[in-house]
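# Per-entry structural report
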Amino acid sequence: MSKVATRFAPSPTGPLHIGGVRTALFNWLFSKNQKGIFHLRIEDTDKERSKNEYKQQIIQSLKWIGIKPDKEEYIQSTKLNKHVEIVKKLLEKSFAYKCYCTEKEIEEEKTRAKQKKLPYIYNRKCRDLKDTPKNIDPVIRFKSRIEGNSILNDLVQGKVNIENSNIEDFIILRKDGTPTYNLSAAVDDKDMNITHIIRGDDHKMNTFKQMQIFERMNWKLPTYVHIPLIHTSEGKKLSKRDKASTLDDYKKIGIMPDALRNYLLRLGWSFQDKEIFTLEESIKHFNIEGIGKSPSKLDMSRILSMNEHYIKNMNENDLFDHLIKYCESYKDKIDNKGKKIKKSLNFLKNKAKTLEDIYNNSFERLSNINKENLEKIINDLIKNNKTNFKGVGQPLRVALVGSKFGPGIYDIIFSLDKNEVIDRLKAVS
């Protein structure tokens, strides 16, 4: 039996999505549980949108949450010659063909399908073309099966059956000679000896296409595992446009890596009635059978609750180290206030759900309030809440004097004792 090998294959075209982090986590935990290998594959063939900064952000983000590949990153763009070689073999075996349809023809087809409220499927016009046009650079299409059905034996979704007529003759090589996603992904999975492909269930149609490539090349099929997507609290598919959709959204408010990893582990997976898992327990207990079939809703209150648990139960030296790193990345360096904050950490952590709370609460313990440190706090509030001075100043004025109108906010604060300011703010929080 082949050694278990999994992979996480993001495109470096933007910040790492929280759904991608969970997919990476499930792949990594399964490979560790099975004493196998976990790969990170960077799918960077989209040269216009792929950026090295996103590649580095992906690598560092996975490292931050505790996921490390067992081998050097597999860079897809370095394997293009292998991909083109497989396209040529598919052509030679008559499992692919040259398509000379123009972009205008394709767009007209798509418009007609849209008018009929039908999904667009290429009409296979060039599938058995006898006379090849001249002066037109063709694309290469895979010759999908037309008759019968294809069956996907999925470890989460069960047996998924689809009519082959619903799988179009998809493009595997563009006019400029570059391979497309489904061709490259299939070839890379074979080349890397991937045994289990764990990914979002929005990839099911891609899986049917990639399975046909495997079958035509007489390659052994991997085992497929399609996990339900993460939804918003309103039940919609979580996208990169949503608030709190990327890993950076959580890091910048002071969510701990262990807490977020624990939350994502339990988001769509369960083991008995256990909620809190150490890293070692996560590896020991993780299995495919525990993955549910229904989408999971992202619950920020639950993330904060989980984070609060980790903050209160963590070794204070470790917690202080996390706080220092957090402040260096997202706030001001602690510097000379460090000793005082560390001594107060036992008190500060019991009033906090995030590292940002600890940072903000630590300023309550300043011996005095002056305009310099007050401006810093106000500016942080403006930045973190994506508002302006009025958006912060007006609520503060209402909280402190009970009116939207009156003296400037700095004048109000300076006219009150520090403890009185804190008490009035707590009374409305």
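First, a word on what this report is: a plain description of the structure on this page.

Rules and cut-offs
- Residues numbered from 1 in each chain as written.
- Predicted model: local features only at pLDDT ≥ 70, side-chain atom pairs only at ≥ 80, totals over all residues.
- Heavy atoms only, no water.
- Pairing = 2+ DSSP bridges.
- Helix = DSSP H or I, 4+ residues; strand = E, 2+ residues; numbered from the N terminus.
- Axes fitted to C-alpha atoms, helices over the stretch in contact; angles between N-to-C directions.
- Buried < 20%, exposed > 50% of the residue type's maximum accessible area, 1.4 Å probe, protein only.
- Core = buried A, V, L, I, M, F, W, Y, C linked by side-chain atoms within 4.5 Å.
- Contact = heavy atoms within 4.5 Å.
- Salt bridge = Lys/Arg side-chain N within 4 Å of Asp/Glu carboxyl O.
- Expected span 1.5 Å × (residues − 1).
- Arc of directions from axis to C-beta.
- Phe/Tyr/Trp six-rings, centres within 6.5 Å; stacked < 30°, edge-to-face > 60°.
- Lys NZ or Arg CZ within 6 Å of the ring centre and 35° of its normal.

### Structural notes on the sheet that holds strand β8 (residues 171-173)
With antiparallel pairing, three strands are arranged side by side in an open sheet as β4-β5-β8. At either end of the open sheet lies a strand with only one pairing partner, and these are β4 (96-99) and β8. Averaged over neighbouring strand pairs, the angle between their axes works out to 45 degrees when direction is ignored. Summarising the sheet, strand β5 (residues 139-142) and β8 pair through two bridges and their orientation is antiparallel. Residue pairing in the sheet places R141 in a bridge with I171 of β8.

### Description of the environment of D423
Within the secondary structure, D423 is located in helix α18 (residues 418-428). We classify D423 as partly exposed; its relative accessible area is 46%. Sequence separation of D423 and K274 is 149 residues, and the distance between their C-alpha atoms is 39 Å.

### A look at the nonpolar core
One finds L264 and I291 to be the most contacted residues of the largest nonpolar core, which totals 42 residues. For this core, the secondary-structure elements that each account for two or more residues are α1 (18-33), β2 (37-42), α2 (52-64), β10 (223-227), α7 (247-251) and α8 (257-266). The element contributing the most residues to this core is α1, with eight residues. Once you skip the residues sitting within four places of it in the chain, I291 turns out to touch F26, V156, V225, I227, P228, G268, W269 and F286. Counting residues in each nonpolar core, the second largest holds 28 residues, with L90, I167, I172 and I213 among its members.

### Brief notes about the pattern of salt bridges
Within this structure, the stated rule accounts for 19 salt bridges. Here R145 makes a salt bridge to E215, at a shortest N to O gap of 2.9 Å. Placement of R145 in the loop between β5 and β6 (149-154) and of E215 in helix α6 (residues 204-216) is noted, with a sequence separation of 70 residues between them. R145 gets classed as partly exposed once you look at its relative accessible area, which sits at 27%.

### Describing helix α4 (residues 103-115)
Helix length check: α4 (13 residues) gives 18 Å between terminal C-alpha atoms against 18 Å at 1.5 Å per residue, within 8%. Within the span of α4, buried status applies to I106, E109 and A113. The buried residues of α4 occupy one face: seen down the axis, they fall within an arc of 60 degrees. Among the exposed residues of α4, those oriented more than 90 degrees off its buried face are E103, K104, K114 and Q115. Summarising the contacts, the buried residues of α4 are in contact with β5. Once α4 finishes, K117 follows within two positions and takes phi at roughly 55 degrees, a positive value.

### Considerations on the packing of aromatic side chains
One pass over the full model with this rule turns up seven aromatic pairs. Measuring from centroid to centroid gives 5.2 Å for F142 and F170, while their planes differ by 25 degrees, and the two rings are stacked. Pair noted here: F142 is in strand β5 and F170 is in the loop between β7 (158-163) and β8, with a separation of 28 residues, a long-range link. On the accessibility criterion, F142 (0% relative accessible area) is buried. Ring-pair connections join several aromatic residues into one group, and the members of that group are F26, W269, F271, F277 and F286. Directly above the aromatic system of Y122 lies the positively charged group of R141, at a separation of 3.7 Å from the ring centroid. Note that K274 overlies the ring of F277, its terminal NZ or CZ placed 5.3 Å from the centroid.

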